[in-house]
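One-letter residues, chain by chain:
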Amino acid sequence: MDIDFPLILVTLTFATGLIWLADRLFLRSRREARLSESSSGGTGSVPPGERTGEEQEEAGEPYLVELSRSFFPVLAIVLVLRSFLVEPFQIPSGSMLPTLQVGDFILVNKFAYGLRLPVLRTKILPIGEPERGDVMVFKYPKDGETNYIKRVIGLPGDKISYHDKTLAINGKVIESDFVANLPPVELREENLEGVHHNILLNHTRRGLDGEGDWVVPQGHYFMMGDNRDNSNDSRYWGFVPEDLVVGKAFAIWMHLESWIPSFDRVGLIK
């Protein structure tokens, strides 16, 4: 079962913040009042510097309050950064080869396509829209929870055609140039209307699998992996609705293979 980290983070932030606020507004003053009464025998207050060691310990914060006060600012900062600015992800499959490799750790811009509330994913501030050629993280439409990453191929209203390993958008064939033969695949550089990136084609895999014609509905996007013959994408399960968009992948910050970190692949994603 997948762990809903955003929900856990929001819950912990809210809980620690509520405990810290309740202590500041109500509990701390009551502790001080009770301690002053017990120290003076009910006749007046005793300055903190004149209290005994036991009294000072009694006046200390409860462990839960101290823990909440310490963790709330950290959790709040992480929540803001992760929800509205940048979120890290790890690449689990080879569907975006050669652009992204298994084990790449990437950064995703969370505000490129508008600010959304954590957990609810409701857009509260429109900033921009996905553009053709973007490498985008989104929730898998079949379950609405699993994070997927593919390249934006079709925008709302586009007519997409994919036959005999040839991509066409609105009747225009998308050109690609041969780069290298890497059996059993061929490395090519695709020009996606000005966005140049590498793709892999496996010419040993033939047939009608993954071929078809589609018209992208309004408010939806057509996604494909750069590893064209090894990608579970819109050719098989349909379009990505706008409310499942997570953000734009823009950089690789680390690669982890066999538990050994490497920074050789650090750089921007194109």
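Residues numbered from 1 in each chain as written. Predicted model: local features only at pLDDT ≥ 70, side-chain atom pairs only at ≥ 80, totals over all residues. Heavy atoms only, no water.

**Some words on the pattern of salt bridges**
Scanning the model with the defined rule gives 13 salt bridges in all. Ionic pairing is found between Lys123 and Glu129, a salt bridge with its closest N-O pair at 3.9 Å. By relative accessible area, which is 43% here, Glu129 ends up partly exposed. The salt bridge partner of Asp226 is Arg151, with a shortest N-O separation of 2.8 Å. In this pair, Asp226 sits in the loop between strand 14 (220-224) and helix 4 (234-237) while Arg151 sits in strand 6 (residues 147-154), placing the two residues 75 residues apart along the sequence. (Salt bridge = Lys/Arg side-chain N within 4 Å of Asp/Glu carboxyl O. Buried < 20%, exposed > 50% of the residue type's maximum accessible area, 1.4 Å probe, protein only. Helix = DSSP H or I, 4+ residues; strand = E, 2+ residues; numbered from the N terminus.)

**Re the pairing of strand 6**
By the criterion of burial, strand 6 is predominantly enclosed, with seven of the eight residues buried. Pairing analysis gives five bridges linking strand 5 (residues 135-139) to strand 6, with the strands arranged antiparallel. Bridge assignment links Lys139 to a residue of strand 6, and that residue is Asn147. One ladder, built from three bridges, connects strand 6 with strand 14; its direction is antiparallel. (Pairing = 2+ DSSP bridges.)

**Thoughts on the sheet that holds strand 9 (residues 172-173)**
Taken in spatial order, the four strands make up an open sheet running 9-8-7-13, and their pairing is antiparallel. On the outer flanks of this sheet lie strand 9 and strand 13 (212-215), each paired with one strand and no other. As paired elements, strand 7 (residues 159-163) and strand 8 (residues 166-169) share four bridges and run antiparallel to each other. Within strand 8, the residue paired with His163 across the bridge is Thr166.

**Notes on the sheet that holds strand 10 (residues 176-182)**
Sheet architecture is open: three strands sit in the order 10-11-12, paired in antiparallel fashion. This sheet does not close on itself; its edge strands, each paired only once, are strand 10 and strand 12 (195-201). Across the sheet, the mean angle separating the axes of adjacent strands is 25° when strand polarity is ignored. Inspection of the sheet shows strand 10 paired to strand 11 (residues 185-192) by six bridges, in the antiparallel sense. By the bridge assignment, Phe178 is partnered in strand 11 with Arg188. (Axes fitted to C-alpha atoms, helices over the stretch in contact; angles between N-to-C directions.)

**Observations concerning the side chain of Glu87**
Among the secondary structure elements, Glu87 is positioned in strand 1 (residues 86-90). If we skip the residues at most four places from it in the chain, Glu87 touches Arg82, Ile106, Leu107, Val108, Lys110 and Val246. (Contact = heavy atoms within 4.5 Å.)

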